[in-house]
Amino acid sequence: MVLDKEVLVPLKRVEIVIDEDDFEEFQEICRAINIRGYTYIWQAGGFGTRGNRRPNDMSLPEKNFLVIIACTEDQAEKLVNSISARMKEIGGIFLISDCDWVKGPKISY
Amino acid sequence: MVLDKEVLVPLKRVEIVIDEDDFEEFQEICRAINIRGYTYIWQAGGFGTRGNRRPNDMSLPEKNFLVIIACTEDQAEKLVNSISARMKEIGGIFLISDCDWVKGPKISY
Amino acid sequence: MVLDKEVLVPLKRVEIVIDEDDFEEFQEICRAINIRGYTYIWQAGGFGTRGNRRPNDMSLPEKNFLVIIACTEDQAEKLVNSISARMKEIGGIFLISDCDWVKGPKISY
Amino acid sequence: MSISSILVPAVLFFALGMFACIIKSDLKFPPDMHKMIVIYLLVGIGLHGGKALSEASMSSAIPAVIAALLLGFGLPIVAYIIMRFIGKIDPMNSAAIAAHYGSVSAGTYMTAVAFLNGISVDYEAYPVIMLAIMESPAIIIGLILAGYSRRVLAAQQSSIGGPAVAAEGGDGHQKGMLKHLVIESFTNGSILLLFGSMAIGSIINETNMTKIEPFFDKIFMGALCLFLLDMGMEAGKRISEFKDVGIFLVIFGVIMPIIGATAGILIGHFWLQYSIGGVTLVTVLAASCSYIAVPPAMRLAVPEANPSFYLTLSLGLTFPFNVLVGIPIYYGAAQWLAYNY
Amino acid sequence: MSISSILVPAVLFFALGMFACIIKSDLKFPPDMHKMIVIYLLVGIGLHGGKALSEASMSSAIPAVIAALLLGFGLPIVAYIIMRFIGKIDPMNSAAIAAHYGSVSAGTYMTAVAFLNGISVDYEAYPVIMLAIMESPAIIIGLILAGYSRRVLAAQQSSIGGPAVAAEGGDGHQKGMLKHLVIESFTNGSILLLFGSMAIGSIINETNMTKIEPFFDKIFMGALCLFLLDMGMEAGKRISEFKDVGIFLVIFGVIMPIIGATAGILIGHFWLQYSIGGVTLVTVLAASCSYIAVPPAMRLAVPEANPSFYLTLSLGLTFPFNVLVGIPIYYGAAQWLAYNY
Amino acid sequence: MSISSILVPAVLFFALGMFACIIKSDLKFPPDMHKMIVIYLLVGIGLHGGKALSEASMSSAIPAVIAALLLGFGLPIVAYIIMRFIGKIDPMNSAAIAAHYGSVSAGTYMTAVAFLNGISVDYEAYPVIMLAIMESPAIIIGLILAGYSRRVLAAQQSSIGGPAVAAEGGDGHQKGMLKHLVIESFTNGSILLLFGSMAIGSIINETNMTKIEPFFDKIFMGALCLFLLDMGMEAGKRISEFKDVGIFLVIFGVIMPIIGATAGILIGHFWLQYSIGGVTLVTVLAASCSYIAVPPAMRLAVPEANPSFYLTLSLGLTFPFNVLVGIPIYYGAAQWLAYNY
Ligand SMILES: Nc1ncnc2c1ncn2[C@@H]1O[C@H](COP(=O)(O)O)[C@@H](O)[C@H]1O
Ligand SMILES: Nc1ncnc2c1ncn2[C@@H]1O[C@H](COP(=O)(O)O)[C@@H](O)[C@H]1O
Ligand SMILES: Nc1ncnc2c1ncn2[C@@H]1O[C@H](COP(=O)(O)O)[C@@H](O)[C@H]1O
Ligand code: NA
Ligand code: NA
Ligand code: NA
C-alpha cells in the first residue's frame, strides 16, 4: 500500500441528485444536521422515472443539482434519515460509497 | 456498520466522459439496453490523449459530457459491451466503481 | 463476478475541489508529474470552512473547479505529495477512491 | 397588399431558423440570448401598450378584459371536448393540451404587430391588456379538467375493483395545487414584466418616454427578427416528433387555432368593434398557443401528461402555422368582415 | 418639478424588480445579461464623459481629482470610526464595511444621470473622472484599517497570553496584499473600461463619434432600465437578511450615505463650484456604496469579515435608499444651496 | 486623411482589449455575449449587403464569385508551399495553417467597413458575397493537402519499412471527411446567417427595411466596438504562445497576409475594377485569416496538427496585424493604385 493511513481519513462519499427547486431545502437539512461541507453542480441534466430533464430547454427547463458530500459514516446516516424518505418523492437519487480524504490544514467534513 | 442493508442497495456507479457530439448516440444506447436513469453534466472541460478540450474557447470550443449512472452490475456489463469498444475511438473515459443506492419510494436503476 | 479483469484496469479515482484561481497552478502540477488525463467542471458551488461559495452571485462570485482524475496509485501518491500540503490553504477538498477503468483503444491514465 | 409587403422580415427570419434546423446547420443561439431578448421584448411591448392605454379611455378597456377572460376560460374547454370526444385522446393529455390552447403566445402577438407595422395598419391599445390577462385562466381550467378527469378515472377503476388512491391523494393535492398555480399566475415572470411595464409606460411623462424610446421602440422590430430566428430553430427541432404525436393531434394543431381565430374575430369585430388592426390582434391572441408559461405549469399540475405532446403541438405546429400562414389570413378575414358587415 | 417628472423610468424599473423579488416572482435575469449590460453601460458612460472632457479644460479637472481622492480616503475612516466607537462593531467587519462606503457605485451614478436627464438638468464632465478614481482608494484604506485592527487584536491577545501568530503571519501577508490590491485597483475590469473608453471618447473625431452614438448614447437610457430592473431583484434578495445584520448596521446603512452626501455636497458646491447638476453627481458619488469592485477585494483582504454584512448593507439597503429616496433629496439640496449660498 | 480620422473607435477598442489582457486585468466577457454579438453582426452585414445587391446588377456579381473561389482555392496552396519548402514546417501543420489563410475573417472585414465609414469612403456591394463564399473553399483545400501529405508520409515510412496503416485508414476516412466537410461548409452557422440575411435583405421592401434598420444598421458600428474589445482580449491571450510557435511561423503570420493582400488588391483593381473602397475590402478579405469556421474543421480533418499553432497565428498575430496595421495600409495602397493606374 503506497498511500498510507497517515495522510488518509476514510470517509463516506455521498452523491445526491435533486431538483433545482428543492436545493434550498436540502441546504437547510445540511445546516440542521451540521454537515460541514458539500459541493454542488447546478444545471445538470438527467433521465429517470420522470423521463428526460433538460436544463436548457426553452419551454420546459428542468434543472438537477448534483451534490457531492464527503462526510463521516455518522453524518451519512443522519443524512439518510433526514433525506431518504423524501427522495424520489421530490425526485432524484442518493448514492453512498467509500472514499479517503487526503489530510490538509483545514477540515470541512 | 451504521448504515445497514435495509436501506441500501449495492449497485455499480458508472462514470463516462464523452464528446458532446456523441452524447445523442450514447442516449440511444442507453435506451436500447434499458438503462433506467442517468445524470449528465454538459460543458465539462478536460485533458487526455487529444490534449486540452476547452468548453469556452472562442475558436475551438470542445465540450465533454460527464455522465453518471447508477445501475446493476448486469446493466453495467451490457454498457461495457455496447460502449467500451467505441470509447477512445470517440474519445473519453469509462470508469466503474461500487456504490450503495439509498432506497426511496421510486426506483430508477 | 460478471465484469472480469480482462476489460477492467483497477485505478484510483481522485476528486479535487479547487478555487477557480488556483486551477492553472493545478494544471501545471499535473503536467509536472505527468498526469495523462483529467476532467473538470467549472462553476461548481459549494460550502466549506469559508462558508458558501456561490458561482452566480453578482457581487461576490466564487467558483470552484471540480476535477476528476483516473490514475494509477503511483500517480495518486505523487499528486498527494505535490498538492495535499497546499490544499485547504488554497481551499477545497481532495478525495481518493477505487475504480475500474474499462479498457478502450487509447489509454489516458 | 402586394407580395413584397407581406414579406415581413421577422417572419422571414423565422423561416430561416426553421430552414437552418431542417438542414441540420450547426447554427445555435446561446440559451441566455433567448431569455434576454424575451425580457427586452416583453418590456418593450408593455411600455408601448401602457403609453397607448394612458391615452385611451380606461372604461372602454373593460370589454377587452371580459373578452380576454371569456376566451381564456372558454377555449380550453372547447379544445378538451374536441380531443376527448372526437379524438379519443386520453383525459390527462387532453387537459394539458387544452390549457396550452386557451393561453396565448407573446411571440405570435409580436409577429402580428410586426406584420401590421409593415403594412402600416393601426390597432387599438387594448389587445395588449388581453395578452397579459389571457396567460393565466387557461392554466386554471387545465388544472380543473385534470382534476375532473382524475376523479372519473378513479371512479372507473374503483367500479372495476381497483384502488381509488390516486383520486383521494389527488384531491387534497389538487386544492393546494390550485392555490399554488393561482398565486403563480400572478407572480409569473412574463406577466409581471408585461403588467409592470404597462404601468410604467402609462405613468411616465413625455420627456422620460422619449429618452427610453430609442431602446424600447426604435430597435424593437430588429430585435424581434433575432427572436424569431431563434424561434424558428426551436420550432424546427420539434418537427421530427410529429410522428409520435399521432395524426389526430397534428390535425388538431391546425384546426384548433382556426377555431380560436373564429371566436376571436367574431368577438373582436362584432362585440369589441375594433379596427381591422385591432381585430387582427384579438384573432391572433385567440388563435395562439402558449409555449412559455403553460408548459411548466402543466408539467407540475398534470405530471401524467406527456410533455412531448403539448410541446410539439404548440411549438412545432401551431406557432409556425400562425406565424407563417395564420396571421395574413386572419388579417384578410378581418378586412373582409370590416368591409362587409 | 412635478410628480410625473421625478418618475424616472429607470427608478420605476428598479422598484418593479424589488417588487418582483418581494412577491417571490419567478422572474430571473440570466447572470450573463447583467454582466453584458454593465460592460455596455460603463463603456457608454466613459465615451460620453471622455467626449465632454475633451471639450473641457484639463487643468480644471485637477480639483475634481483631488476631491475624489479626499472623499475616497476620508469617508471610509469616518465610517470605521462610527462603527467601532458608536456601534461597537468588531474591527474586521468595520474595516470591510468602511471600504465599501468609501468607494462608489456606478449604478447609482448612472441613475442620477438618468434623473437629471429626465428633468433636463445639465452637469459638468468632471464627476465621471471622480467615478473612475473613487473606486480604488477605499480598498487600500480598508486594507490598512484591517491590518491595524489585526495588530490591535493580536496585542490584546498576547497581553492576555494568547498567541500572536495571526498578526505576524498577517504582517508579511499584509504587505503582499497591499501591493496585490494596488495593482488590482488599476487593472480592475470596470476601472479599465471607464478610463479606456474615456480616453477613446476624448480622441476620436466627430464623424466617428456620430457613428457609434446611436449604440452608446441613444439607447443608453433604455438599457439602463433593464439594468435597474435586475438591480431591483438583486437588492430584493438581500432584504431578508436585514435581521442578521442587526439594528445598528441597518441604521448605519441609511445614515452613512447621508454623511457622505453632506461631505459631497459641500465639496461640490463650495470648493468645486459646479452647477446644480454637477453638485448632485458629486453628492451621489460620495453617498454611494460599492457592490462590485470592493466585495471581492475585501473577501480576499479581510477574510475574517462576514460578507453577508457588507453585501446586505450595500446592495440591500444603501443602494435602494440612494436610488429611491436619496437622489431627489440630494438634487433638492443642491438646488437649495445654489439659490441660497 | 488626418491622424484623428484613422482613429477608428472599433480599432481603439481592440487595442484596449489587448491592453487589458497584457496588464492581466480581470476584465472578462461572458462567452455568450461574444456569440450574441457575432450573430447580430453577421445578420446586420448580410441584410445591408443584400439590400445593396438587390439594387446592383446580378450579372456583375459573377466576377466577384469567381475571384472569391480563385482566392479561396489559390491562397492556401501558396501558403502551404511557403511553409513546406521555405519554412520546413511539417506537412500536417502546414496543411491546417494553410486552410486558415485561404479562408476569411468576418471580424477583419467589418473592421475595414468601419474604417471606410469613418473616413466616408463608399464601396461596392459585391465584397460581402465574396466574404460569404470564401469561408469554405480553403477548408476543402486544407483537407486535400492533408490527405496528400498523409500519403507522402506513409510512402516514406513504408519505404523505410514502417507501417502504412495511417495512410490506408486515412484514405477511406478522407473521402467520408471530404463529403462531411463539404456538407458542413454549406450548413455552417455563419455562412447560413450571411447568405440567409443577404437573401432577406434583398427581398423585403423599403418600409420593412426601415423598421429594422435602427437595430441592424444604426447601432451596428457601436456594437462592433464591443465585439472588437472582446477580440482584443482573445488576441491578447494568444500572445504568450508566440514562443511555442517558432520564429518562422511568426514571420509567416505577417508575410502571408501581405501576400494575400497583394493578390487581392491586384484582382480588385485590375480585374474587378472596383472603387477604392471596394478594392480595400477585397484586399482585406484576401489578407484575412479565419479563426471561427476553419479551426473546428481542421481539428476534425487534421487531428495531427497542433491547434495552438493555427490559433496563435490566426488570432494572436494575423488578426491584430490586419486590424491595427493592415487595413490603413491596404487602403493607402488601393488609393495609390487608383490614382496611378
Ligand atoms: N440510475 C440513475 N443514475 C444516475 N442518475 C439518476 C438515476 N436515476 C435518476 N437519476 C437522476 O435523478 C433525476 C431525477 O430522477 P427521477 O425523479 O427518477 O426522474 C434524473 O433526471 C437523473 O438526473
Ligand atoms: N485519466 C483521466 N481521468 C479523467 N478524465 C479523463 C482521463 N483521460 C481522459 N479524460 C477525459 O476524457 C476526455 C477525452 O479524452 P481523450 O479522448 O483521451 O482526449 C478528456 O478531455 C477528459 O475530459
Ligand atoms: N466535506 C466536503 N464535501 C464536499 N465538498 C466540500 C467539502 N468541504 C469543502 N468542500 C468544497 O470545497 C470548497 C472549498 O472549501 P473551503 O475551502 O473549506 O471553504 C467548498 O466550497 C466546497 O465546494
Ligand atoms: Na389561444
Ligand atoms: Na461613497
Ligand atoms: Na484570406
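Residues numbered from 1 in each chain as written. Chains lettered and ligands numbered in written order. Predicted model: local features only at pLDDT ≥ 70, side-chain atom pairs only at ≥ 80, totals over all residues. Heavy atoms only, no water.

Undergrad: Outline the overall build of chain A, supporting the account with residue identities and numerical values.
TA: Along chain A, the regular secondary structure elements total 2 helices and 5 strands. Helices and strands in chain A line up, N terminus first, as β-α-β-β-β-α-β. Looking at chain A residue by residue over its 109 residues, the buried ones come to 63%. Across chain A, contacts joining residues at least 24 apart in sequence account for 74% of those joining residues at least 6 apart. If you sum the accessible surface of chain A, you get close to 4400 Å²; carbon and sulfur atoms cover 46% of it. (Helix = DSSP H or I, 4+ residues; strand = E, 2+ residues; numbered from the N terminus. Buried < 20%, exposed > 50% of the residue type's maximum accessible area, 1.4 Å probe, protein only. Contact = heavy atoms within 4.5 Å. Areas by Shrake-Rupley, 256 points an atom, 1.4 Å probe, with all protein chains shown as cover.)

Undergrad: Give me the interface of chain A and chain C: which residues, what numbers.
TA: The interface of chain A with chain C comprises 28 residues on the first partner and 31 residues on the second. Roughly 2400 Å² is buried in total at the junction of chain A and chain C, and carbon and sulfur atoms are behind 64% of that figure. The tally of links between chain A and chain C comes to 1 salt bridge. Between E15(C) and R13(A) there is a salt bridge, and its shortest N-O distance comes to 2.6 Å. For the side of chain A that touches chain C, the secondary-structure elements that each account for two or more residues are β1 (8-19), β2 (38-48), β4 (64-71) and β5 (93-102) of chain A. Among the residues making up the side of chain A that touches chain C, the classes are represented as 17 nonpolar, 5 polar and 6 charged. (Buried area = accessible area lost by both parts, 1.4 Å probe. Salt bridge = Lys/Arg side-chain N within 4 Å of Asp/Glu carboxyl O. Nonpolar A, V, L, I, M, F, W, Y, C, P; charged D, E, K, R; others polar.)

Undergrad: Any details on a nonpolar patch on the surface? Residues and values, ideally.
TA: Judged by side-chain polarity, I62(D), I66(D), L70(D) and W271(D) come together as a nonpolar surface patch covering roughly 390 Å² of accessible area. By residue number, the principal contributor to the nonpolar patch is helix α3 (residues 62-86) of chain D, which donates 3 residues. (Patch = residues over 30% accessible without salt bridge, like charges linked within 9 Å, V, L, I, M, F, W, Y side chains within 5 Å.)

Undergrad: Give a description of the coordination of the sodium ion (ligand 4) that names residues and reports values.
TA: All names here are of chain D. Those donors, Y101 (O), S103 (O), L285 (O), A286 (O) and S288 (O), are the protein atoms that reach the sodium ion (ligand 4), and they lie 2.4 to 3.1 Å from it. One chain supplies every donor for the sodium ion (ligand 4), spaced along it as Y-x1-S-x181-L-A-x1-S. With S103 in the loop between α4 (91-102) and α5 (106-118) and A286 in helix α14 (residues 276-287), the pair connects residues that are 183 residues apart, well separated along the chain. Pair check on accessibility: S103 and A286 agree, each one buried. (Donors = N, O, S within 2.8 Å, 3.2 Å for Na, K, Ca; no water.)

Undergrad: Can you lay out helix α2 (residues 9-22) of chain E for me, pointing to particular residues and giving the numbers?
TA: In this model, α2(E) (14 residues) spans 20 Å end to end at C-alpha, consistent with the 20 Å of a helix rising 1.5 Å per residue. Most of α2(E) sits out of view: 10 of its 14 residues are buried. The set of residues buried in α2(E) consists of P9(E), A10(E), V11(E), L12(E), F13(E), F14(E), L16(E), G17(E), M18(E) and A20(E). Tucked inside the fold, the buried residues of α2(E) contact α2 (31-55), α9 (189-203) and α10 (206-218) of chain D together with α6 (106-118), α12 (220-239) and α17 (307-340) of chain E. (Expected span 1.5 Å × (residues − 1).)

Undergrad: Before we move on, could you go through the confidence of the model for chain D and cite the residues and values that matter?
TA: Residue and element names in this part refer to chain D. Considering every residue of chain D, the mean pLDDT works out to 90; 94% of them sit at 70 or more. No element of chain D has a lower mean pLDDT than helix α8 (residues 165-187), which averages 65, and none a higher one than α14, which averages 97. Confidence drops under a pLDDT of 50 for residues 162-169, and excluding neighbours within four residues, the segment shows 6 contacts in the predicted structure. (pLDDT = per-residue confidence, 0-100.)

Undergrad: Could you give an account of the packing of aromatic side chains, with specific residues and numbers?
TA: Summed over the entire model, instances satisfying the criterion amount to 54 aromatic pairs over all chains. Ring plane angle 15° and centroid distance 5.9 Å describe the contact between Y40(E) and F216(E), whose orientation is recorded as stacked. One end of the pair, Y40(E), is in helix α3 (residues 31-55); the other, F216(E), is in helix α11 (residues 206-218), and 176 residues separate them in sequence. Accessibility assignment for this pair places Y40(E) and F216(E) in one class, buried. Linked through ring pairs, F23(A), F26(A), Y38(A), Y40(A), F65(A) and F47(C) together constitute an aromatic cluster. In this arrangement the basic side chain of R84(E) is found over the ring face of F85(E), its NZ or CZ atom lying 5.9 Å from the centre. (Phe/Tyr/Trp six-rings, centres within 6.5 Å; stacked < 30°, edge-to-face > 60°. Lys NZ or Arg CZ within 6 Å of the ring centre and 35° of its normal.)

Undergrad: Tell me about unusual backbone geometry, and name the residues and values.
TA: The phi angle at N34(B) is positive, at roughly 65°, despite the residue not being glycine. One can find N34(B) in the loop between α1 (23-32) and β2 (38-48). Non-glycine residue S120(D) carries a positive phi angle of around 55°. Residue position: S120(D) is located in the loop between α5 and α6 (126-133). A relative accessible area of 58% means that S120(D) is categorised as exposed.

Undergrad: Outline the side chain of D19(C), supporting the account with residue identities and numerical values.
TA: Residues and elements named next belong to chain C. With respect to the helices and strands, D19 occurs in strand β1 (residues 8-19). On the accessibility criterion, D19 (11% relative accessible area) is buried. Separated by 2.9 Å, the side chains of D19 and R50 make a polar contact. The residues touching D19, leaving out its near neighbours within four places in the chain, are R50, R53, K63, N64 and I90. (Polar contact = N/O pair within 3.5 Å; in protein donor to acceptor, adjacent residues only side chain to side chain.)

Undergrad: Can you break down the relation of the copies chain A and chain C residue by residue, with the values?
TA: With an RMSD of 0.0 Å, the fit of chain A onto chain C corresponds to turning through 120° and sliding 0.0 Å along the axis. As the rotation angle and translation indicate, the two copies are arranged about a three-fold axis. When the interface residues of chain A are mapped onto chain C, a mere 7% of them again lie at the interface, so each copy presents a different face. (Least-squares fit on C-alpha atoms with pLDDT ≥ 70 in both.)

Undergrad: Can you explain helix α11 (residues 220-239) of chain F? Please cite residues and give values.
TA: End to end, α11(F) covers 29 Å across 20 residues, agreeing with the expected 28 Å (1.5 Å per residue, within 8%). The buried fraction of α11(F) amounts to 18 of the 20 residues, a majority that puts the element mostly inside the structure.

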